[in-house]
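Read off the chains here:
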Amino acid sequence: MTIEERLDALEGRLRSAEDRLAIMDLVHSYGAAVDTGSAQVTADIFTSDGVYDVDTGLLAGREEIAAMVEGDPHQGLIAHGCGHLMTAPQITLDGDRATVRSYSQLIVRRASTDGFAVARLTANQWELIRTDDGWRVERRIARMVDGSAEPRDLLRPQ
Amino acid sequence: MTIEERLDALEGRLRSAEDRLAIMDLVHSYGAAVDTGSAQVTADIFTSDGVYDVDTGLLAGREEIAAMVEGDPHQGLIAHGCGHLMTAPQITLDGDRATVRSYSQLIVRRASTDGFAVARLTANQWELIRTDDGWRVERRIARMVDGSAEPRDLLRPQ
Amino acid sequence: MTIEERLDALEGRLRSAEDRLAIMDLVHSYGAAVDTGSAQVTADIFTSDGVYDVDTGLLAGREEIAAMVEGDPHQGLIAHGCGHLMTAPQITLDGDRATVRSYSQLIVRRASTDGFAVARLTANQWELIRTDDGWRVERRIARMVDGSAEPRDLLRPQ
């Protein structure tokens, strides 16, 4: 290979590694954003018309996502003590698009006894797009793991 | 350094970073593979004669691993609602071989009440090898964390 | 760009990716270090005068951190069966310094029944510095998630 060819190859491979790290970071960022009540930061994980399709209700666009963060049910959870833990994202890159499959957990402080409960285990599929501001989520589908086929279909390796 | 030397150094360092990302991805992939009942995908995480040495029974080779995924105990767990969460792999690279130490958890839906239980916390040691198809697991040793020395020995920093 | 400029850019970008991977590894390493009772390894995650400021007591310097690992409360936890799970570190790089925000969990074996309990969910903020021996922790602040503002302040996106 010529020097030019080696540089081209390095730039392409490094960009893929950087994409993986940036996407991992974006998926992980949902936890601290939502648990600190950072409504705008949470909404900005998504594209302006991004969709968060979760079994507790579909949220379309940044305004609805921010409103969920600021709403009473979520604020009650924060005041009680909770953590949204994002686990082990599996990233499939395709140029300026990416798909992520991952688990997330909602951990909630127990009121009556010591310790914490695993309130939810959720299967997630994320569709991402590269924008001028970096990677953003176009659609996140999230379904609680309840033994039914739907959450498994979100996680199934292609 | 000459341009050639800088290119050589970059290629070597980038390859190590790519190896880390690929190995992280492989270890994480066990969760969705086994939880979706993807027997062949689960088996293909291992080399053809790879060993999954877990306290519930040693599985030798891809056929035995695929049979575990398709067997009644695991299928019952899937139908009930479960998640194998792979956490924080610690990777030691050594050319075409690698060792990984990590925790994993089995989270299971509670039948009687709401929420989920942490059914197992497991210590893991993985021996990996680079093949023509990418990194594969030659041996995974997994022991439930029960206070005994064996799971600690798997996780102990070298 | 000239070949020199392309090499310079590649070297800088690769160093950032390597820093992220190394910092992720360092943060993750706390779990196996402390759970295997590896007092010196745990202490060496920190700088020589590093501080681990946790709600159960502030530890200043490697000697105090090693003494905590070797102390009766922690040794009792190890003998009973426990795991410190480090989750989803969010890394902000700034040259030779870095800040990490992350969750951690303490999982403890249940004595009376089967399975494990989530004994603690903890919010963490880490201040790191690049040393001649690699990245080290200057200060880790850790607060249990109890609904109060302090743990949220540690996790809040900047």
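In case you missed it, the structure is sitting above this.
Here's a quick rundown of the structure.

Criteria and cut-off values
Residues numbered from 1 in each chain as written. Chains lettered and ligands numbered in written order. Predicted model: local features only at pLDDT ≥ 70, side-chain atom pairs only at ≥ 80, totals over all residues. Heavy atoms only, no water. Core = buried A, V, L, I, M, F, W, Y, C linked by side-chain atoms within 4.5 Å. Buried < 20%, exposed > 50% of the residue type's maximum accessible area, 1.4 Å probe, protein only. Contact = heavy atoms within 4.5 Å. Buried area = accessible area lost by both parts, 1.4 Å probe. Salt bridge = Lys/Arg side-chain N within 4 Å of Asp/Glu carboxyl O. Polar contact = N/O pair within 3.5 Å; in protein donor to acceptor, adjacent residues only side chain to side chain. Helix = DSSP H or I, 4+ residues; strand = E, 2+ residues; numbered from the N terminus.

**Looking at the nonpolar core**
Counting residues in hydrophobic clusters, the biggest one holds 84 residues, and the most contacted among them are Leu128 of chain A, Leu128 of chain B together with Leu128 of chain C. In this structure, leucine 128 of chain C is in contact with Ile23, Leu26, Asp96, Arg97, Ala98, Val100, Trp135, Arg136, Val137 and Glu138 of chain C, ignoring residues within four places of it in sequence. Within the second largest apolar cluster, 30 residues are counted, among which are Leu155 of chain B together with Leu85, Phe116 and Leu155 of chain C.

**Re the interface of chain A and chain C**
Between chain A and chain C, the contact holds 36 residues from the first and 31 residues from the second. The junction of chain A with chain C conceals about 2,700 Å² of combined surface from both sides, 64% of it contributed by carbon and sulfur atoms. Between arginine 6 of chain C and glutamate 11 of chain A there is a salt bridge whose closest N-O contact spans 2.9 Å. Here chain A is connected to chain C by nine residue pairs in polar contact (both at pLDDT 80 or more). Every element with two or more residues in the side of chain A that touches chain C is listed here: helix H1 (3–35), helix H4 (72–80), strand S3 (82–94), strand S4 (97–109) and strand S5 (116–131) of chain A.

**Overview of the pattern of salt bridges**
Residues and elements named next belong to chain A. Applying the stated criterion to the full structure yields 39 salt bridges over all chains. Of the charged contacts, one joins arginine 130 and aspartate 96 as a salt bridge, the two residues approaching to 2.6 Å between their closest N and O atoms. Residue arginine 130 is located in strand S5, and its partner aspartate 96 is located in the loop between S3 and S4; the two are separated by 34 residues in the primary sequence. Relative accessible area serves as the criterion here: at 22%, arginine 130 is assigned to the partly exposed category. Classification of aspartate 96 by relative accessible area gives partly exposed; the value is 42%.

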